[in-house]
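Observations on chain architecture
Chain residues, written in single-letter form:
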Amino acid sequence: MTATEVPATGIPTTRTAAGPAPVTDKGGHAAPPTSTGISNEKLAMWTFLGSECLLFGALIATYFLYRNRLGNGAVRPGLVYDIPFTSVSSFILLMSSLTMVLALAGFQRGDLRRGRIWLLCTALLGSGFIGGQVYEFTTFIHQGMTIKTNPASSAFFVLTGFHGTHVAIGVIMLLTLVFMSLKGRIPQERSEIIEIAGLYWHFVDVVWIVVFTVVYLLPGNR
Amino acid sequence: MTSRRPLRPGRRLALMVVSLVVLATACEGTAQNTMAPHGHFSSITYSLIWKVFIVAVVVFVLVEGLLVYEIIRFRAKSADDRPVQIHGSTKLEITWAIIPALILLVVGAATVGQLFQLDREQPNPVRIDVVGHQWWWEYRYHDPQDNSKIDVVTANEMHIPVGRNIRLTLKSVDVIHNFWAPKLAGKIYAIPGRDNKLYVKADDPAVYYGECAEFCGLSHANMRLRVVAEPQADFDTWRQRQSVTVVPQLPDKTTQSAASAGAQAFLQKGCSGCHTVSGYSAGNVGPNLSGFNSRSCFAGCIFANNDQNLRLWLRDPPGEKPGSKMPNLKLTEQDITNLTAYLRTLGDASTRPSNIGPAGS
Amino acid sequence: MATVLDKPPLPPTTDRPLDAALFQRPRSTHGWVSWLTTIDHKRIGTLYGVTALTFFIIGGIEALLIRLQLAQPNGKILDANAYNQVFTMHGTTMIFLVVMPLSAAFANYLIPIQIGAPDVAFPRLNAFSYWTFLAGGLFLYSSIFLGGMPNGGWFGYAPNTSITYSPGHNIDFWVMGLLITGVASTVGAANLVVTCLNMRAPGMNLMRMPVFTWMSLVAQLLTLFAMPVITVALFLLMFDRNFGSHFFDPSAGGDPVLWQNLFWLFGHPEVYILILPAFGIVSEILPVFSRKPIFGYPVMVFSGIAIGFMGWGVWIHHMFSVGLGPVAVSAFSISTMLIAVPTGVKIFNWVATMWKGSLRFTSAMLFAIGLVSQFTVGGLSGVTHGVASHDRQQTDTYYVVAHFHYVLFGGSIFALFGGIYYWYPKVFGQLLDDRLGKLHFWLFFVGFNLTFFPFHILGIVGMPRRIYTYPTGTGWDTYNLLSTIGSFIIALGVLVFMYNIRRTDSRFKKYKLTVDADPWDGRTLEWSVPSPTPAYNFAEVPTVKYQDDWWHRKYTVDDAGRLLPRPEIDEVRARANDGLKPGQHPHFPSPSFYPIVAAFCFPIAGYGLVYGRASGYNYVITGIGMSLLLVTLVAWGMEPSVAPPEDDAPAVHEEQPVLVGAGAGSAPGLGAAPDGGQPALTSGGGAPPPGDSGGGGGGSS
Ligand code: HEA
Ligand code: HEA
Ligand code: CUA
Ligand SMILES: [Cu+2]
């Protein structure tokens, strides 16, 4: 390997960056493979998600520990849950994983327009989920369960709120991608960026499955 | 270090090692020396730790000895020495992984044994609730006849009978504190919302010093304590004089003594809102003062209980003890004189522990 | 999110999408702006180092205040309130603002060079980590002017830190400050992990990576997984304080022990985050100055990994007096003791590395031996803590304070200073004076032991931690006084160190001295590039054939297994000093404004949260901070990671932060000093710097 093969970025991009050469590289060489063969960006996302596992792990453990600590607060989270409603919004979030897959397929095929549409759909479904959560939170608050009610309610709001924030960040990320795509910044060869955003999105989705199970479905909420 | 037991040979060796560690702290001023246990439960852990110290000293000497040897022996002789390039030796590495592992498993097994031993409930205990407050200790004695009743409440200075199992239940009303009387037992947290248990059993009649060991806010340093271990008979006397069912002699309100004026002031200046004097007031923010004069120290045991200190205290508690929850009540010197006189009538000074010195001296 | 941030370079058609740019691309290569916008891992490493050492002085001055206060019974230097702030900030500073970033300094500077990479995986994120760390540190210390520094101890036990018992803003600053530095550590960790895994030069497989890189990798993985745990703990506390939740409020059914579990589940891996890079440094220094390879390289690597793993299973040993019952305590007592096994293997392997070596006692070597001898003491006291039944006597006493200063100061700080002496020529192109270095070492060695050995005794005779005063007649006076004297000897050592830096600098400037690429006869790749390291690291990407590749290019062994210099050794050494040759177009980093701008959005958001309790309107400030952050990040995502050629700075002359005077001089020091010791870049005499033509080559720097 000679020096000219090193991308000037020092940031080898994708294994398959066969497209136009990086601007600073006159020769137009493809970016060299990384040591692991996984692109830096993707590996970074994986490490980041590993870190996120512990974040949610700690939050879920906290909820688990506290779900029956009702203190002096009268309202029991287990009683105010509207499981059918939350099931529907969970379903919406699950569907968004599907549209995310479709978006990625679009970009990988080179069908950028369709890719963008699916991205928008994903963002929309995500927003729908957030809307559902906002509605749920307001109802709970009207029913007298706030973050201040008791440790169980505190844990409920913080856990689901953290997850909701993650979805919201994901939505912003998706919209940014749509915007970048409109500017022509995500050609087919760069579809990996969609894949990486997808990793995050699916992760948040999977976390919700766990959260939903632990918070709403597991017996023992009193 | 005047352990009253005859020294067994093992202990003698331990003492040598320990005195290596504890250099010259032997006698004077070692009221909280953990290496001079005077209680059943502190002796248990001590019996293990000195052995572990010996192991540690051996490992220490080995490692440092090797280093010193190498430093002397293998100093470079010339800039182009050509030492043999050794890349490792699996056999050696396994050896020095296995040997420490074996040593530690033995130490670990002994530790586990002790942990279960210390956790066991002991027969026929005296039950005392120890309640941590910012920044003083409250002791509530359970009535031996009816365990659910509290019959004596006192503060900072705890009296216990020598040679009996004492079961302390640690509680806290605010933050986490840590009850520690080193010569009697290891420490355990007083955590709000949880009850912890700690057994102590004093070997000798003595005053055992201790203090709150967990950082608990501004005056954590000023949250000391004493445990007075006395023969059962003395303890019983003390207990009787303390007992809340025995109304302490109230000063006669009709005669205009300083004490009776103090008793008035006690109500008027708000003291009664925070302090209990049995039969007279029922505040529960500050220490129960019913037996105040029978205590040799006060306010987290940072003051010896004498008039001079008491006057200082009443003049400006937060000034004497940073952050103290007892406010400066802007008392006049006259008030202070009266209140001091009144406080001297609460409890029996003859049961003070002044006749027994601190343990280990 | 990294994906959005470090976008690949653009195809030519959408070359300059400056429609989204907030800032013009910075161009300066020298002067202070270039330091603010640099994304060169070496400069960032240097920034980390200088900042951490500054915080070390601050934390050290706090320590001196503690020592002055405790020198005698009833000390009057500090009152209770001041003392509590000072010891809290001392611990917090030393852990989060000194040892972690100082280790990060070495990791940033060295990992890419040790693995033959031009930079870290995400250079701009790297700059972002540094600035976020600095922002967090400044934020923490801004509390001095805003009502008082944090005062709940470095482990901030609830409920003492709850709003009821700590109503001031002190704890808010602590919570937000640690959250901010936590972002910095997490991002930095992800970056370095990817770098180690992905950026290795051809042939640099994992089992050829230098031990320092390995230990840093393990430490960064621990950071990656430990930080979220304390983040959760801090968030819960923040919700309790600001929004009335009841996580740690016992009166409403919350459990203060949850805080302890979360904190120590972070806290124990954290202490290995603090020591593993130090172990790595020592594993680099000892072989070089023993002229022998590290004894048992694979075992050194795997024991480090084992320590990393086991570190997750011992946190309860900080909670032996919580009253968790004998079963849990037994399990954690045993796991705690067993950590001594992999650590012991390391100690003995270091001893074996020196065995029959040819030991050169340079300052760096002395500090490394200092770690081996003193960490052992701290480790052994750690094992006595592990005896859980008796730890109930030790915990919360000065015996624990002795333990962790022996491992943290006697271990981490000694190794880090050793690392400074060792790599200083590589970073600054100057060799620190060895005599002063040794004086520094001996002052540290004597001062350290005089300060901290008496703590063992103090703990044993019953002195609790975190007391701002103690009465007369406790028997503690003498030891405390000795300790205070010792701490000032340490301070003298620090002053000698600072003097050494100044003197070295002026001497090198005055006599126009330079340093050879390989002044110590080193083993790893960083010694195969000129000193100081040029901006591009490697003119040509190295191909690695061995563990300790650089050493194998210089030496081989004879039949008896003895060291044998290769015939071409002098030539190999000389070539290491070469700069760029015509036709070589290595990587130059492209500076950017976004990292620093994004980083300083955090304290804005932080102030909003600190003051949010006073008035809900203050949360608007948080909103502003987060929105600014969002805008910055999006714009950052739009900026190509490498400046387009039009932006090329004309020259790369001034790239290096610390200029070595021009002209070839003979390098002082122990290594060979071939001619032409002067890197081409600084002499200006070598090859024409690339990029001069403006058209191709490197990006701007
Ligand atoms: C660099 C940081 C660092 C490191 C590496 C360690 C290493 C260890 N620590 Fe330490 N520790 C701290 C930093 C560190 N610690 C801090 C900061 C605290 C206090 C936190 C606070 O409360 O503020 C603390 C507190 C602490 C406690 C809680 C004490 C208490 O509060 O009650 C315990 C308890 O078990 C403990 C144990 C250990 C053990 C067993 C090791 C082991 O890893 C040590 C292993 C090493 C050796 C044992 C030496 C070498 C081995 C040999 C030569 C082999 C032969 C040995 C034998 C046969 C024994 N530590
Ligand atoms: C890496 C970590 C680290 C380091 C290096 C140190 C270094 C020192 N520590 Fe540290 N310490 C901790 C980590 C560390 N500490 C932690 C985590 C705690 C627990 C906190 C808590 O309980 O919450 C603690 C607690 C602690 C206590 C206990 C406080 C208490 O419980 O009440 C004490 C007491 O003496 C102490 C002393 C010292 C001293 C004297 C030094 C010295 O070695 C410092 C040496 C440095 C200097 C002396 C600086 C030199 C300065 C100059 C030369 C001035 C130059 C002047 C100008 C340029 C203007 N420390
Ligand atoms: Cu109570 Cu410290
Ligand atoms: Cu630990």
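Below or above, wherever it landed, is the structure these notes cover. Everything numeric in this text was worked out from a predicted model, so none of it was measured.

**Digging into the site of ligand 1**
- In the vicinity of ligand 1 lie 32 residues, with Trp154, Tyr272, Thr395, His403 and Arg465 of chain C positioned nearest.
- Site remark: ligand 1 is flanked by residues from chains B and C.
- In this structure, an oxygen atom belonging to ligand 1 sits 2.7 Å away from a side-chain N or O atom of Trp154 of chain C.
- If one sorts the elements of the shell around ligand 1 by residue count, helix α12 (residues 363-386) of chain C sits on top with seven residues.
- When the residues that make up the shell around ligand 1 are grouped by side-chain class, the tally is 19 nonpolar, 11 polar and two charged.

**Focus on the coordination of the copper ion (ligand 4)**
Residue and element names in this part refer to chain C.
- Taken together, the protein donors to the copper ion (ligand 4) comprise His268 (ND1), His317 (NE2) and His318 (NE2), at separations of 1.8 to 2.1 Å.
- Positions of the donor residues of the copper ion (ligand 4) along the chain correspond to the pattern H-x48-H-H.
- Separating the copper ion (ligand 4) from the iron atom of ligand 1 is a gap of 4.4 Å. Pair noted here: His268 is in helix α8 (residues 256-290) and His318 is in the loop between α9 (297-310) and α10 (326-338), with a separation of 50 residues, a long-range link.
- Here His268 falls in the buried class, since its relative accessible area comes to 4%.

**A closer look at the interface of chain B and chain C**
- Every contact between the two is made by 92 residues of chain B and, on the other side, 102 residues of chain C.
- Taken over both partners, the interface formed by chain B and chain C buries close to 8000 Å², and the fraction arising from carbon and sulfur atoms is 66%.
- There are three salt bridges connecting chain B and chain C.
- On the surface where chain B and chain C come into contact, there are 27 residue pairs in polar contact (both at pLDDT 80 or more).
- Looking at the side of chain B that touches chain C, the elements that each hand over two or more residues are α2 (40-73), α3 (90-119), β7 (188-190) and β8 (196-200) of chain B.
- Considering each element in turn, the side of chain B that touches chain C owes the most residues, 18 residues, to α2 of chain B.
- Of the residues assigned to the side of chain B that touches chain C, the class counts are 54 nonpolar, 24 polar and 14 charged.

**Concerning the site of ligand 2**
Residue and element names in this part refer to chain C.
- The immediate surroundings of ligand 2 are formed by 34 residues, with Arg67, Tyr83, His90, His405 and Arg466 found nearest.
- Here an oxygen atom of ligand 2 sits 3.5 Å away from a polar atom, N or O, in the side chain of Tyr398.
- At 2.7 Å, a side-chain N or O of Arg466 approaches an oxygen atom of ligand 2.
- Elements with a minimum of two residues in the shell around ligand 2: α3 (41-70), α4 (80-114), α14 (398-428), α15 (434-460) and α16 (477-510).

**Notes on the nonpolar core**
- With 293 residues, the main nonpolar core has Phe156 of chain A together with Trp259, Leu276 and Trp350 of chain C as its most contacted residues.
- Top element by residues in this core is α4 of chain C. It accounts for 21 residues.
- Filtering out sequence-adjacent residues up to four positions away, Trp259 of chain C remains in contact with Phe155, Gly156, Tyr157, Ala158, Trp174, Ala233, Leu234, Leu237 and Phe248 of chain C.
- Counting 37 residues, the second largest nonpolar core, distinct from the first, contains Ile166, Ala190, Cys216 and Val227 of chain B.

Conventions and cut-offs
- Throughout, a residue's number is its position along its own chain's written sequence, starting from 1.
- Written order determines the labels here, with chains lettered from A and ligands numbered from 1.
- Restriction of local features to residues with pLDDT of at least 70 applies here, the model being predicted, together with a cutoff of 80 or more for giving and counting side-chain atom pairs; totals for whole chains, interfaces and linings are based on all residues.
- As a convention, hydrogens and water are excluded, and side-chain values are obtained from all of the structure's heavy atoms.
- Note on terminology: near, applied to a residue and a molecule or strand, indicates that one of the residue's heavy atoms is within 4 Å of it.
- We define a polar contact as two N or O atoms separated by no more than 3.5 Å, with the added condition that, inside protein, one atom must be a possible hydrogen donor and the other a possible acceptor, whereas residues neighbouring each other in sequence contribute only through side-chain atom pairs.
- A run of H or I in DSSP counts as a helix once it spans at least four residues, and a run of E counts as a strand once it spans at least two, with each numbered from the N terminus.
- Under the scheme applied here, ten amino acids are nonpolar (Ala, Val, Leu, Ile, Met, Phe, Trp, Tyr, Cys and Pro), four are charged (Asp, Glu, Lys and Arg), and all others, including Gly, are polar.
- We call an atom a donor if it is N, O or S and sits within 2.8 Å of the metal, or 3.2 Å for Na, K and Ca. Water is not counted, so some sites may look partial.
- For the exposure calls, accessible area comes from a 1.4 Å probe over protein chains only, and a residue counts as buried if that area is under 20% of its type's maximum, exposed if over 50%, partly exposed in between.
- Only heavy atoms enter the contact rule, under which two residues are in contact if any of them lie within 4.5 Å.
- Accessible surface is computed with a 1.4 Å probe, and the buried area is the amount of it that two parts give up when combined, taken over both parts together.
- Within this document, salt bridges are pairs made up of a side-chain nitrogen of Lys or Arg and a carboxyl oxygen of Asp or Glu, the two lying within 4 Å of each other.
- The set of buried Ala, Val, Leu, Ile, Met, Phe, Trp, Tyr and Cys residues whose side-chain atoms join them within 4.5 Å is what this entry labels a nonpolar core.

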